[in-house]
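Observations on chain architecture
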Amino acid sequence: MILTVDIGNTRIKGAVFEQYTLVEFFVFEVEELQKKIENILKKYPKLKYLVVSSVGNLEKAFFLAFESRLKVHFVTHNDAFPFENKYATPKTLGIDRMVLAAGATLQFPGQNRLVIDAGTCVTYDCIDAKDNYLGGAISPGIRLRYESLHNYTAKLPLLTKELPNDFIGDSTVKAIHSGVVNGLVYEIDGFIDEFKAKYSKFIIILTGGDADFLAMRLKNTIFANSNFLLESLNQTFQYTINND
Ligand SMILES: Nc1ncnc2c1ncn2[C@@H]1O[C@H](COP(=O)(O)OP(=O)(O)O)[C@@H](O)[C@H]1O
Ligand SMILES: CC(C)(COP(=O)(O)O)[C@@H](O)C(=O)NCCC(=O)O
Ligand SMILES: [K+]
């Protein structure tokens, strides 16, 4: 059994896997992370590995405390990945994006893949059918867009996300919801259209905290799976130990 932990810039997520099956999913607050992991280790005595991917503020040292109980693996750029990395600055590529790309490569062989992760940031990652990681794009996520409008203006209120019922917002509140949500939907559909025009056999995966919220609004058909990063972390780790 494997416990995977994904430290993003907004939330820390985790999941227990038995082989390729997700057994239980968790969301952690930083302050309770230590205690909660201890409880998970007690609940699942069969856990043999703790696998961590982090683009957030928690470093490897935090997890070393668990090494007396199980093997701890902190994913780094030096791990074995199943794709050829063509990013011009491979060492600055986010570990989460590498794990997503690895998951897409392993799960959808022989296809052109576009992975969209709607989290703190929205990241776009392209892996071609020959398993070359090409790069993609980074833009602000939904919450970041709402917060920026509020933080960098005098008059705009801070709103929580809401699906707009029209692209024409006839009030400040509706105009903000339309700008943030429709704006992001148009952006994502635009990237997908470009990708589809360039490649024939392809798969598009949408994940992240806003995946389900956005999926119903997209005009393109995509594969929405909010657990794709944790599943990819599990899969990539299986790949790493088999290729060591
Ligand atoms: N409980 C929650 N707390 C914060 N953000 C949430 C929550 N549920 C959904 N979200 C949405 O998820 C996004 C963050 O996604 P997430 O995948 O957790 O980010 P990250 O992986 O960067 O930490 C935010 O834009 C927000 O709209
Ligand atoms: C782009 C990101 C901030 C996304 O983080 P997230 O939204 O998943 O919290 C992260 O992947 C990162 O720090 N990347 C480094 C820059 C790069 O990927 O080129
Ligand atoms: K992201």
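What you see is a predicted model; the values in this text were computed from it and never measured. (Residues numbered from 1 in each chain as written. Chains lettered and ligands numbered in written order. Predicted model: local features only at pLDDT ≥ 70, side-chain atom pairs only at ≥ 80, totals over all residues. Heavy atoms only, no water.)

A closer look at the nonpolar core
Core analysis: the largest hydrophobic core is formed by 26 residues, its most contacted members being Leu114, Ile116, Tyr124, Ile188 and Leu214. Mapped onto this core, the elements with two or more residues apiece are β7 (112-118), β8 (121-127), α3 (142-151), α4 (172-198), β10 (202-207) and α5 (211-215). The dominant element in this core, judged by the number of residues it contributes, is α4, at eight residues. Ranked by size, the runner-up nonpolar core spans 24 residues in total, among them Val99, Ala104, Val115 and Phe237. (Core = buried A, V, L, I, M, F, W, Y, C linked by side-chain atoms within 4.5 Å. Buried < 20%, exposed > 50% of the residue type's maximum accessible area, 1.4 Å probe, protein only. Helix = DSSP H or I, 4+ residues; strand = E, 2+ residues; numbered from the N terminus.)

Details of the domain arrangement of the protein chain
Each assigned domain of the protein chain is listed here: domain 1 (2-74) and domain 2 (84-233). Its C-alpha centre places domain 1 at a distance of 25 Å from the equivalent point of domain 2. If you look at the interface, domain 1 gives 16 residues, while domain 2 gives twelve residues. When the two sides are added together, the surface that domain 1 and domain 2 hide from each other amounts to roughly 1000 Å², 70% of it contributed by carbon and sulfur. The interface formed by domain 1 and domain 2 includes zero salt bridges. Counting the contacts that link domain 1 with domain 2 gives one residue pair in polar contact (both at pLDDT 80 or more). (Domains from an automatic or database assignment. Contact = heavy atoms within 4.5 Å. Buried area = accessible area lost by both parts, 1.4 Å probe. Salt bridge = Lys/Arg side-chain N within 4 Å of Asp/Glu carboxyl O. Polar contact = N/O pair within 3.5 Å; in protein donor to acceptor, adjacent residues only side chain to side chain.)

What to know about the packing of aromatic side chains
Within the structure shown, the criterion is met by eleven aromatic pairs. Here the aromatic rings of Phe83 and Tyr133 are separated by 5.7 Å at their centres, their planes lie at 40°, and the arrangement is tilted. Note that Phe83 is positioned in the loop between β5 (71-74) and β6 (84-85) and Tyr133 in strand β9 (residues 132-140), a separation of 50 residues in sequence. (Phe/Tyr/Trp six-rings, centres within 6.5 Å; stacked < 30°, edge-to-face > 60°.)

Some words on the site of ligand 1
Taken together, the residues surrounding ligand 1 are Gly8, Asn9, Thr10, Arg11, Lys13, Gly119, Thr120, Arg143, Lys161, Gly208, Gly209 and Asp210. A distance of 2.7 Å separates an oxygen atom of ligand 1 from a polar side-chain atom of Lys13. Here ligand 1 loses 76% of its free accessible area of 570 Å² to cover by the protein chains. At a threshold of 2 Å from the grid points, most atoms of ligand 1 map onto the largest pocket. Three or more residues apiece are contributed to the shell around ligand 1 by two domains, here domain 1 (2-74) and domain 2 (84-233). (Near = heavy atom within 4 Å. Areas by Shrake-Rupley, 256 points an atom, 1.4 Å probe, with all protein chains shown as cover. 1 Å grid on protein atoms, 1.4 Å probe; cavity = no way out; pocket = protein on both sides within 12 Å on 5 of 7 lines; lining within 4 Å. Sits in = over half its atoms within 2 Å of the grid points.)

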